[in-house]
Amino acid sequence: MFEETIDMNRIPDSVAIIMDGNGRWAKKRYLPRIAGHKRGMNVVEEITTEASDLGIKVLTLYAFSTENWKRPAGEVNYIMSLPSTFFDKFIPKLIKNNVKVQTIGDVSQLPDKTREAVSNAIEETKACTGMVLNFALNYGSRLEILNATKKIATEVKNGNLNVDDINDVVFSNNLETSGLKDPDLLIRTSGEERISNFLLWQIAYSELVFVDKLWPEYHAKDFRQTIIEFQKRKRRFGGLINK
Ligand code: V07
């Protein structure tokens, strides 16, 4: 048997993760759901560090969807405190690792304290030149696509763009992920096999990997295993497609 190892020459540039299973993890342990989110936040730090060490260039994490407001108020309030806790606990380490924080989604609708923590994280890491850690906060892909369409329609209406010049590059440039490489790999934890309105345009050519582990129990070695799975799939194209 050959030992399975990561090929450091074929690390995906861009990885996106749907961090699912925090509530289920807590329930299994007879803990409140918020305990799962707290553990989930620690895993964010662990996976971010591993991704940065592996040389991944963009890591996009689905932290809060436009649908998540429907959860109980106490749970939403707790989730909204996480960016601030994360900031206090982990930002110095991210800066040391040269990680730059960005966001996609409508942050303007988040509570003041949450928005402040997020803008502090962006501000404090803005000079970092290593991995981009892109948090999707109050994000929904259909809304992002509609907003891009409106921006492009306005350009046409104002005479700055011809309809025939609308192409996939123009469209990508009007999405919130403009300037970020589309994911080579999309991971969803907790065994669910859905996209749930995450990066619909951007994952057109991504490898999709669904892992059974719940997000709070997904660790650096599991992440490495997922990268190995990604590399096995890529190898099946044997020379026809590179990376
Ligand atoms: C959130 C923890 C991870 C599991 C999934 C949901 C709960 C980290 C952040 C964060 C966001 C922006 C930022 C710094 C940290 C976060 C939310 C939820 C809303 F600048 N984890 N985490 N934000 N969870």
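Above this text is the structure in question.
From a predicted model like this one, the values you see are computed outputs, not experimental measurements.

Caption draft 1: Highlighting the site of the ligand. With respect to spatial proximity, 18 residues lie near the ligand, and among them Asn22, Ala63, Leu82, Phe86 and Phe135 are the closest. For the ligand, whose free accessible area comes to 500 Å², the fraction covered by protein is 98%. Assessed atom by atom at 2 Å from the grid points, the ligand resides in the largest pocket. Those elements that provide at least two residues to the shell around the ligand are α2 (33-54), β2 (58-65), α3 (73-96), α4 (112-124) and β4 (132-139). A per-class count over the shell around the ligand returns 15 nonpolar, three polar and no charged.

Caption draft 2: A look at helix α5 (residues 141-157). Between its first and last C-alpha, α5 extends 24 Å over 17 residues, near the 24 Å set by a 1.5 Å rise per residue. When α5 is considered as a whole, its buried residues turn out to be Ser141, Glu144, Ala148 and Ile152. Along the axis of α5, the buried residues cluster in a sector spanning 70 degrees; they form a single face. The exposed set on the far side of α5, more than 90 degrees from its buried face, consists of Arg142, Lys150 and Lys157. Just downstream of α5 lies glycine 159, where phi reads positive at about 80 degrees.

Caption draft 3: Structural detail: empty space enclosed by the protein. Per the counting criterion, the structure on display carries one cavity of 30 Å³ or more. Its residues assigned to classes, the lining of the largest cavity comprises four nonpolar, five polar and two charged.

Caption draft 4: Summary view of the packing of α3 against α4. Between α3 and α4, whose axes approach to 8 Å, the crossing angle comes to 15 degrees. When the axes of α3 and α4 are compared, the pair comes out roughly parallel. Judged by the twist between their axes, the crossing of α3 over α4 is left-handed. Only Thr114, Ala117, Val118, Asn120, Ala121 and Glu124 of α4 make contact with α3, whose side of the interface consists of Met80, Pro83, Ser84, Phe87, Ile91 and Ile95. Partitioned by chemical class, the residues of the contact of α3 with α4 number eight nonpolar, three polar and one charged.

Caption draft 5: Focus on the side chain of asparagine 68. Relative to the helices and strands, asparagine 68 is located in the loop between β2 and α3. A residue is classified by how much of its surface remains accessible, and asparagine 68, at 13% relative accessible area, is buried. Polar side-chain contacts of asparagine 68 include one of 2.9 Å to the backbone nitrogen of serine 65. The contacts of asparagine 68, once residues within four sequence positions are left out, are Ala63 and Val76.

Caption draft 6: Representation of the layout of surface pockets in the model. Within this model, the largest pocket holds a volume of roughly 860 Å³. Forming the boundary of the largest pocket are 37 residues, of which Met19, Tyr62, Ala63, Phe64 and Asn68 lie nearest the centre. Mapped onto the lining of the largest pocket, the elements with two or more residues apiece are α1 (22-28), α2, β2, α3, β3 (100-104), α4 and β4. If you tally residues by element for the lining of the largest pocket, the top one is α3, at seven residues. The residue inventory of the lining of the largest pocket, partitioned by class, reads 21 nonpolar, nine polar and seven charged.

Rules behind the numbers
- Residues numbered from 1 in each chain as written.
- Predicted model: local features only at pLDDT ≥ 70, side-chain atom pairs only at ≥ 80, totals over all residues.
- Heavy atoms only, no water.
- Near = heavy atom within 4 Å.
- Areas by Shrake-Rupley, 256 points an atom, 1.4 Å probe, with all protein chains shown as cover.
- 1 Å grid on protein atoms, 1.4 Å probe; cavity = no way out; pocket = protein on both sides within 12 Å on 5 of 7 lines; lining within 4 Å.
- Sits in = over half its atoms within 2 Å of the grid points.
- Helix = DSSP H or I, 4+ residues; strand = E, 2+ residues; numbered from the N terminus.
- Nonpolar A, V, L, I, M, F, W, Y, C, P; charged D, E, K, R; others polar.
- Expected span 1.5 Å × (residues − 1).
- Buried < 20%, exposed > 50% of the residue type's maximum accessible area, 1.4 Å probe, protein only.
- Arc of directions from axis to C-beta.
- Points joined across faces, edges and corners; volume = space filled by probe spheres on them.
- Axes fitted to C-alpha atoms, helices over the stretch in contact; angles between N-to-C directions.
- Parallel < 35°, antiparallel > 145°, perpendicular 65-115°, else oblique.
- Left-handed = near helix turned anticlockwise from the far one by under 90°.
- Contact = heavy atoms within 4.5 Å.
- Polar contact = N/O pair within 3.5 Å; in protein donor to acceptor, adjacent residues only side chain to side chain.

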